[in-house]
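Each chain is listed here by its residues.
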Amino acid sequence: MANVKLRKVGLIVIFTTFALILVCFYQVYQNVATVHHYFSPKITSVLAVEKESDQWHSMKFNGQNSIQFDRVFWDKTVINDANSSGSVLMRVKDEQGDIVIDEFQVSPGNGRSLSGLHQNKQYYFEIKAPKGQFVINAI
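The text that follows walks through the structure, step by step, so that each part is easy to find. (Residues numbered from 1 in each chain as written. Predicted model: local features only at pLDDT ≥ 70, side-chain atom pairs only at ≥ 80, totals over all residues. Heavy atoms only, no water.)

## Thoughts on the environment of Ser53
Then, in step 1: Structurally, Ser53 is set in the loop between strand E1 (43–49) and strand E2 (57–58).
Then, in step 2: Here the side chain of Ser53 touches Gln55 through a polar contact of 3.5 Å, landing on its backbone nitrogen. (Helix = DSSP H or I, 4+ residues; strand = E, 2+ residues; numbered from the N terminus. Polar contact = N/O pair within 3.5 Å; in protein donor to acceptor, adjacent residues only side chain to side chain.)

Okay, here's the thing in structure tokens:
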């Protein structure tokens, strides 16, 4: 009888300890920027296109001309934010200027997987878009 009661108390203590550790790790993930950016990398490009043209324009993500997918946790996806003015055409080039992923369209609120890109290589993104403001996220 005492052995069963001791076993129940032990299981409750183990479960409670496990739950507390999980909550603590989640709080660290959510509230410590370095940890959050390591496990959920995301960079953003904000573009204001003032006139429509048929030329490709370079994109800057967080002030950088290129993206290097250098962490295991990159999804290698670009997303056109739902609040963007419209659809955009994008393409991806490598360090030598060769087109790695040819022209593709991303409409507002949608994304495109870039699974063909390799880790630890620099990639340059170019865009064609109508007049308006666009927010592109790379995750």
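## Side note on the side chain of Lys76
Then, in step 1: With respect to the helices, strands and loops of the structure, Lys76 is situated in the loop between strand E3 (67–68) and strand E4 (77–80).
Then, in step 2: In terms of polar contacts, Lys76 uses its side chain to reach the backbone carbonyl oxygen of Leu117, at 2.9 Å.
Then, in step 3: In this view, Lys76 contacts Phe69, Arg112, Ser113, Leu114, Ser115, Leu117, His118, Gln119 and Ile139; residues no more than four positions away in its chain are not counted. (Contact = heavy atoms within 4.5 Å.)

## Observations concerning the nonpolar core
Then, in step 1: In this structure, Met90 and Phe125 are the most contacted members of the largest nonpolar core, which totals 24 residues.
Then, in step 2: Only E1, strand E5 (88–93), strand E6 (99–106), strand E8 (122–128) and strand E9 (132–138) provide two or more residues apiece to this core. (Core = buried A, V, L, I, M, F, W, Y, C linked by side-chain atoms within 4.5 Å. Buried < 20%, exposed > 50% of the residue type's maximum accessible area, 1.4 Å probe, protein only.)

## Comments concerning the packing of aromatic side chains
When we look at a pair of aromatic rings, we describe it by the centre distance and by the angle of the planes.
Then, in step 1: Considering all chains together, one arrives at seven aromatic pairs under this definition.
Then, in step 2: Between Tyr38 and Phe39, the ring centres sit 5.2 Å apart and the planes meet at 90 degrees, which makes this aromatic pair edge-to-face.
Then, in step 3: Residue classification places Phe39 among the partly exposed residues on the basis of a relative accessible area of 41%.
Then, in step 4: A centroid spacing of 5.4 Å and a plane angle of 75 degrees characterise the contact between Phe61 and Phe125, whose relative ring orientation is edge-to-face. Here Phe125 lies in strand E8 and Phe61 lies in the loop between E2 and E3, a separation of 64 residues in the sequence.
Then, in step 5: Phe61 gets classed as buried once you look at its relative accessible area, which sits at 1%.
Then, in step 6: On the basis of relative accessible area, Phe125 is assigned to the buried category, the value being 1%.
Then, in step 7: The rings of Tyr38, Phe39 and Phe73 are connected pair by pair, giving a single aromatic cluster.
Then, in step 8: For the cation-ring pair, Arg112 lies above Phe104, with the distance from its terminal atom to the ring centre recorded as 4.6 Å. (Phe/Tyr/Trp six-rings, centres within 6.5 Å; stacked < 30°, edge-to-face > 60°. Lys NZ or Arg CZ within 6 Å of the ring centre and 35° of its normal.)

## Brief notes about the sheet that holds E1
Within a beta sheet, neighbouring strands are joined by backbone hydrogen bonds and run either parallel or antiparallel to one another.
Then, in step 1: With antiparallel pairing, the four strands of this open sheet are ordered in space as E1-E9-E4-E7. Both outer strands of the open sheet, E1 and strand E7 (111–113), are each paired with one neighbouring strand and no more. For this sheet the average axis-to-axis angle between neighbouring strands, irrespective of direction, equals 20 degrees.
Then, in step 2: The sheet contact formed by E1 and E9 spans seven bridges and is antiparallel. (Pairing = 2+ DSSP bridges. Axes fitted to C-alpha atoms, helices over the stretch in contact; angles between N-to-C directions.)

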